[in-house]
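# Reading the structure
So you can see what is in the structure, the chains are spelled out below.
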Amino acid sequence: MAESWDGSFDGSSHSDDSHLFERRHLEPIYDTFLCPLTKKVMRDPVTLETGQTFEREAIEKWFGECRESGKKPVCPLTLKELKSTELNPSLALRSTIEQWTARNDAIQLEMARGTLSMSSSEAEVLQVLKYVQRICLKNQSNRSVVRNAELIPKIVDQLKSSSLRVRCKALETLRILAEDDDENKEILAQGDTVRTIVKHLWHELSRERAEAVSLLYELSKSIVLCEKIGSVNGAILILVGMTSSQSENVLTCEMADKTLKNLEKCESNVRQMAECGRLQPLLTLILEGSPETKLSMTSYLGELVMSNDVKVLVAGTVGSSLINILKSGDMKSREAALKSLNQISSYETSARLLIKAGILPPLVKDLFIVGPNHLPMRLKEVAATILANVVTFGQDFDQIPVGPGCQTLVSEEIVHNLLQLISNTGPAIECKLLQVLEGLTNSPSTTKSIVAAISSSGAMTSLVQFIDAPQKELCLASVKLLQNISPYMGQELADCLRGTSGQLSSLVKVITEDIGVTEEQAAAVGLLADLPERDLGLTRQMLDEGAFQRVISRIYRIRQGETRGNRFVTPYLEGLVRVLARITFILSEESDAIHICRENNVAALFTDLLQSNGLDNIQMVSARALENMSNESIKLTELPELPAPGFCGAIFPCFSKRAFISGQCQIHRGTCSLKETFCLLDGQAIERLVALLDHPNERVVEASLAALCTLLKDDVDTGKAVTLFMDEDAIKPVLNVLLERRNLRRKAVWAVERFLRTEDIAIGVAEDPNIITELVDAFQHGDTQTRQIAERALKHVDRIPNFSGIFPNRN
């Protein structure tokens, strides 16, 4: 039974070879020092009534086994039955053993120091490190013994070993030495030790990283070492990375997180964590820190570059606190809060959170207030920037009160104040306030209120003047605002631009500048395109300034692929086409306009643009432009000189036949071309217009049908035109418009009535009940003009009797 105890009891024993080091070069061990049961040096010797001495814990275990086996307690050596199991401490022996142990430890530590100082083998170094760990775990006071033996620097040196086992064991040993020992921590804080430990965090082997982070966690319990760890470049970055790593050991991640929580005791570390994406500590200090700390952290937050997700976190966590600072804080705190709010207001979700938290009233107050405690202009600029940010993303700003009497951002008084502020500040804040108005006019629900306020204030002239601003951003903000309000104030805006101040020239210059397409160009051309297209005075001024030639050049370059593509190219091209279409509204009044269209073959350009698939507005505008140009064809066609009629023809015109000259236009009866007279019979205009009659966008269909109808008017040869439509297979598409596009009934009925004047078509239509039904419905329910046209059409197919031969013409 006693033999089973040999080496099996001591809980502090290790399965390693550290005892090999301990048994070398020691003072002689007396047998009385050894417990008969454990064969190890005793720490708490006790004596039985038999006079035999044992380790207390070992003999107690022996007695326990005796009881469990149902035997009476006996002495393990003599096997005599004991009358009493009382244990008497052997104080003298214990004192002797302690003295011997101290002398022995001193010798061993000196040997350990020597081993670590020399180029010892890996096995020898590992023996020493294991020994140091064992004695420190055996007795807390041994940590100071190791320190006094100056072993800690020697162990630190092992962190640079080429052996992974040695490095890991050294890290583990240092952690044990540092536990609950501030003096040992102070030693580790010296020199480059912390930096060396941090380097092990970057090691690709997880075991070494785990030991390093465990040591750092222990060191981070010291405020001095918190600062030291944080000062090592990259330390906090990698610790933050470890906490969110998917490949890291779970326990290692938890240890890294605990280390970071300790490091939060230093504000400089909190800043670093925020830079690395761990923002919660900084936000906690803003909410719970001292006034000085709150100010410091808020100021830093305003300088921090944040991702959109972080902006949402910040807005949700401290948004209300920052807004409260705006309301009641001192100037330094308000400045810090404004800069932070400026950061987080630039993302839609976080901006909406700030609106919900009540950011609008204090912002508006800070912008307009004068007198004591008012914001300096540089901070009003920040407030204006925040306001511009939040209104960009759209809200029911006409429902959110921002001032007394339930005033909102779109209340007349508020808008007047904004306009007045725009007129009395510098370019930077002017730009932001214009962006505020632009943001408010992005929503139909608020635009009318802004338009009404601008109109009542007479501010249009002032707003137009910003087009000439030398600052690109200010000019852009002005143009975008004017573009938004032009559908509501187009004529007033056009009147301002027709002046002699040069804003129209500035717009044209911006639009046609030979650079890659910019947002400013797209906005400027959109503004011009939205102005009343029938404002002949504005169009003439553009004509005088050579705007249309430059617009044509830009359109050709985009079509030829010479202009770099980006997200602004499509709206830019659409605006250019709409601007160019303006010239087709003054063809009858301006010979210069006709000259430009001929010289640049504008009709062919619009014909090509009919094939801009996916760009509905361009197709619609091009069709409308061709309609205008086609209406001028009859005036521009050169009619041939017909030969004089003969004697009979002169006396009896009914005997003369109409002359026809080969090569003349079938419907205009003269010399025509798409380029010179804008005749749609030339080129592929009719074919492409007919193709658009099946377009899903009804506005494109309407414009295409209107252009085709110019070939059926009374001032042309309608019969030849209908024949031409038959040759182009255009009759059925027009009939389909009548059947399928109820909103286009008036124009479709007009075209169909022209077709039905041809007998063959009338016979075919008379047999189609669907078309007859539509014509009857138009006759019964259409407006006055449509009913009259439908009546004529039904007469062509004999559905309504023609009484013209019965009743005299009373006209």
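Bear in mind the structure is a predicted one, so any value in this text is a computation, not a measurement.

On a plain count of helices and strands, the protein comes out with 44 helices and three strands. Taking 811 residues into account, the globule formula puts the C-alpha radius of gyration at 28 Å, and the protein, at 48 Å, lies well above it. Within the protein, the fraction of its 811 residues that count as buried is 49%. Nonlocal contacts in the protein, meaning residues at least 24 apart in sequence, comprise 68% of its contacts between residues at least 6 apart. Charge-centre separation for the protein: the mean point of 89 positive side chains lies 2 Å from the mean point of 106 negative side chains.

Here we come to a negative patch on the surface. On the surface, a cluster of negative charge is made up of Glu687, Asp727, Glu728 and Asp729. Within the secondary structure layout, Glu728 lies in the loop between helix 39 (718–727) and helix 40 (731–740). Judged by its relative accessible area of 34%, Glu728 falls in the partly exposed class.

With that settled, consider the domain arrangement of the protein. Per the domain assignment, the segments making up the protein are domain 1 (31–89) and domain 2 (724–810). Between the C-alpha centres of domain 1 and domain 2 there is a distance of 125 Å.

Turning to the UniProt feature "domain: U-box" (unreviewed entry) in the protein, a few remarks are in order. In the numbering used here, UniProt assigns the "domain: U-box" (unreviewed entry) feature to residues 28–107. As annotated, residues 28–107 comprises 38% helix and 10% strand, and the C-alpha atoms at either end are separated by 12 Å.

In this structure, the second largest pocket spans a volume of roughly 350 Å³. As for the second largest pocket, its lining consists of 20 residues, of which Arg534, Arg624, Glu627, Asn628 and Ala706 are closest to the centre. Each residue belonging to the lining of the second largest pocket can be placed in one class, and the counts come to seven nonpolar, five polar and eight charged.

Right, let's get into the packing of aromatic side chains. In this structure the tally under the stated criterion is three aromatic pairs. Aromatic side chains Tyr30 and Phe33 sit 5.3 Å apart centroid to centroid with 70 degrees between the ring planes, which places their arrangement in the edge-to-face category. Residue Phe33 is classed as buried on the basis of its relative accessible area of 4%. Taken together, a centroid distance of 5.6 Å and an interplanar angle of 55 degrees make the contact between Phe725 and Phe755 tilted. Within this pair, whereas Phe725 is found in helix 39, its partner Phe755 is found in helix 41 (residues 745–755), the two being separated by 30 residues in sequence. On the basis of relative accessible area, Phe725 is assigned to the buried category, the value being 1%. Using a relative accessible area of 1% as the deciding quantity, one classes Phe755 as buried. Each member of the aromatic cluster is reached from another via a ring pair, and the members are Tyr30, Phe33 and Trp100. For the cation-ring pair, Arg271 lies above Tyr300, with the distance from its terminal atom to the ring centre recorded as 5.8 Å. Its end group placed over the ring of Trp750, Lys747 keeps NZ or CZ at 5.7 Å from the ring centre.

Listed as buried for helix 14 (residues 267–275) are Asn269, Val270, Met273 and Ala274. Around the axis of helix 14, the buried residues are gathered within 145 degrees of arc, so they sit on the same side. Looking one or two residues past helix 14, Gly277 carries a phi angle of roughly 100 degrees, positive in sign.

Let us look at the sheet that holds strand 1 (residues 45–47). Spatially, 2-1-3 is the arrangement adopted by the three strands of the open sheet, whose pairing is antiparallel. Every interior strand has two partners, whereas the edge strands, strand 2 (53–55) and strand 3 (88–89), have only one. In the sheet, strand 1 pairs with strand 3 via two bridges, with the strands oriented antiparallel. Bridging across to strand 3, Val46 finds its partner in Pro89. In the packing of helix 2 (residues 56–68) onto the sheet, contacts are made with strand 1, strand 2 and strand 3, and the angle to strand 2 comes to roughly 95 degrees.

Within the secondary structure, Gln407 is located in the loop between helix 21 (377–392) and helix 22 (412–423). Setting aside chain neighbours within four positions, we find Gln407 in contact with Ile400, Pro401, Val402, Glu413 and Ile414.

Using the criterion set out here, one finds zero disulfides in the structure. Looking at Cys431, it has no disulfide partner, and the nearest cysteine sulfur is the one in Cys475, 10 Å off.

Further remarks concern empty space enclosed by the protein. If you walk through the whole model with that rule in mind, you get one cavity of 30 Å³ or more. Taken as a whole, the largest cavity spans an internal volume of roughly 30 Å³. Elements that contribute at least two residues to the lining of the largest cavity include exactly helix 27 (503–512) and helix 30 (547–559). Examining the composition of the lining of the largest cavity, we find that three residues originate from one element, helix 27, more than from any other. Looking at the lining of the largest cavity residue by residue, the class counts come to seven nonpolar, one polar and no charged.

The rules we used
Residues numbered from 1 in each chain as written. Predicted model: local features only at pLDDT ≥ 70, side-chain atom pairs only at ≥ 80, totals over all residues. Heavy atoms only, no water. Helix = DSSP H or I, 4+ residues; strand = E, 2+ residues; numbered from the N terminus. Rg over C-alpha atoms; globule rule 2.2 N^0.38 Å. Buried < 20%, exposed > 50% of the residue type's maximum accessible area, 1.4 Å probe, protein only. Contact = heavy atoms within 4.5 Å. Lys, Arg positive; Asp, Glu negative; His and termini not counted. Charge placed at Lys NZ, Arg CZ, Asp CG, Glu CD. Patch = residues over 30% accessible without salt bridge, like charges linked within 9 Å, V, L, I, M, F, W, Y side chains within 5 Å. Areas by Shrake-Rupley, 256 points an atom, 1.4 Å probe, with all protein chains shown as cover. Salt bridge = Lys/Arg side-chain N within 4 Å of Asp/Glu carboxyl O. Domains from an automatic or database assignment. UniProt positions renumbered as here; feature names shortened; annotations may be inferred. 1 Å grid on protein atoms, 1.4 Å probe; cavity = no way out; pocket = protein on both sides within 12 Å on 5 of 7 lines; lining within 4 Å. Points joined across faces, edges and corners; volume = space filled by probe spheres on them. Nonpolar A, V, L, I, M, F, W, Y, C, P; charged D, E, K, R; others polar. Phe/Tyr/Trp six-rings, centres within 6.5 Å; stacked < 30°, edge-to-face > 60°. Lys NZ or Arg CZ within 6 Å of the ring centre and 35° of its normal. Arc of directions from axis to C-beta. Pairing = 2+ DSSP bridges. Axes fitted to C-alpha atoms, helices over the stretch in contact; angles between N-to-C directions. Disulfide = S-S within 2.5 Å.

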